[in-house]
Amino acid sequence: MRNGKKAGIYNSWTECKKQVEGHSNAEYKGFSTLEEANEYLGFSTSAGESVSVKEDADVNVTKTLRAYVDGSYSKENSLYSYGCIMIDGDKIEKLSDVGNDVDLIELWNVAGELTGAMKAIEWASNNNHKNITIYHDYEGIAKWASGDWRANKKGTKGYIEFIKKYRQGIKIEFVKVAAHTGVRYNEEADVLAKSAIQKYINNNSVVSSMGISQKTKELELFYSIMAENDNLKNKFSFIYNGVEITEGKLRKFAKNIWRETGHKINEIEDLEIQLEWENWDLKITMNIKVKNGDSQKLILYVSKSGGNYIV
């Protein structure tokens, strides 16, 4: 029964009747196999996947922890993200975040899908659950876990090892749902994943609205300013990859970016600069604090290999 008091799969007409009587526009149908019933509800099962008969879609009657997971990817920003809807009895927990793990990023959208499944399982473990059913629309989540698909990359191999580790203490089941077919929590997980990337961009980049060509211009501006003479008293000054980088030059660069994105210089209350070295590449974070209390970050990577970019 897919439209009634409590949608789900029921073993008898007597059980189903209780859910449709008195409910306007009720939708229900009988099937001879579980697979047909799942398809009617928008679910599909395959090897290594299972679904509980008579498991109601209403969160108030579900006993097993359920997790709806989805992922997203932004090629321009080199970020993947995940969204999870955790349904624990009558409680709903929403999880989402972005990532750029070097072993996963090459998987693009799949990175978010796998991360979502792993985060859901971690949540189950941390909250002392012994069973979890993961609903997903990308079949690899179940196929790699069951061994039906062979893992050829570090990211997928790591996922398999993760599943093996947690299956020692948790019963993990998978249910594939059809993507973008109106399955409520699957759609919500999709929105969460996409929103996580947008939220990260909005909070961490003053040039997030710029296109690739404009970002290239910003890199040209960076090197142009770094080539200038700086006679100011600076907290730091050093040569990196043949370029003299100083506090004063970075402040000038950040203010230029701020102005070119439609803001006014007098809006800036404070400007903090952080320098980090990651595998011999320099990461420069310029945290711009404005007078209304907001703050935005401009992050610049200067690579000795020449792969410089702004996010």
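For the structure, see preceding data.
Residues numbered from 1 in each chain as written. Predicted model: local features only at pLDDT ≥ 70, side-chain atom pairs only at ≥ 80, totals over all residues. Heavy atoms only, no water.

A.B. asks: I'm lost on unusual backbone geometry in this one. Help?
C.D. replies: With glycine set apart, most residues show a phi of negative sign, and most peptide bonds adopt trans. Of note in the backbone geometry, Trp108 takes a positive phi value of approximately 55° without being a glycine. Its identity is not glycine, yet Asn128 carries a phi of approximately 60°, on the positive side. With respect to the helices, strands and loops of the structure, Asn128 is situated in the loop between helix H3 (109–126) and strand E5 (131–136). By relative accessible area, Asn128 is classed as exposed at 66%. (Helix = DSSP H or I, 4+ residues; strand = E, 2+ residues; numbered from the N terminus. Buried < 20%, exposed > 50% of the residue type's maximum accessible area, 1.4 Å probe, protein only.)

A.B. asks: Would you take a moment to explain the environment of Ile265 for this structure?
C.D. replies: Relative to the elements of secondary structure, Ile265 occurs in the loop between helix H8 (247–260) and strand E9 (268–278). Residues Ile265 and Val290, spaced 25 residues apart in sequence, show a C-alpha to C-alpha distance of 9.5 Å. With residues up to four places along the chain from it excluded, the contact list for Ile265 reads Lys255, Trp258 and Arg259. (Contact = heavy atoms within 4.5 Å.)

A.B. asks: Whenever I open this one, the pattern of salt bridges confuses me. Can you help?
C.D. replies: Pairing between side chains of opposite charge can happen when the charged atoms of each approach one another. Taken as a whole and judged by the stated rule, the model has 10 salt bridges. In this structure, Lys249 engages Glu244 in a salt bridge whose closest nitrogen and oxygen atoms are separated by 3.0 Å. Accessibility expressed as a relative area gives 4% for Lys249, which makes it buried. The exposure class assigned to Glu244 is partly exposed, which follows from its relative accessible area of 32%. The partner of Lys289 in a salt bridge is Glu272, and the shortest N-O contact between them spans 3.1 Å. With Lys289 in strand E10 (residues 281–290) and Glu272 in strand E9, this residue pair connects regions lying 17 residues apart in the sequence. Residue Glu272 is classed as partly exposed on the basis of its relative accessible area of 33%. Connected through shared salt-bridge partners, Lys94, Arg184 and Glu188 make up one network. (Salt bridge = Lys/Arg side-chain N within 4 Å of Asp/Glu carboxyl O.)

In short, shape yes, function no, at least from these values alone.
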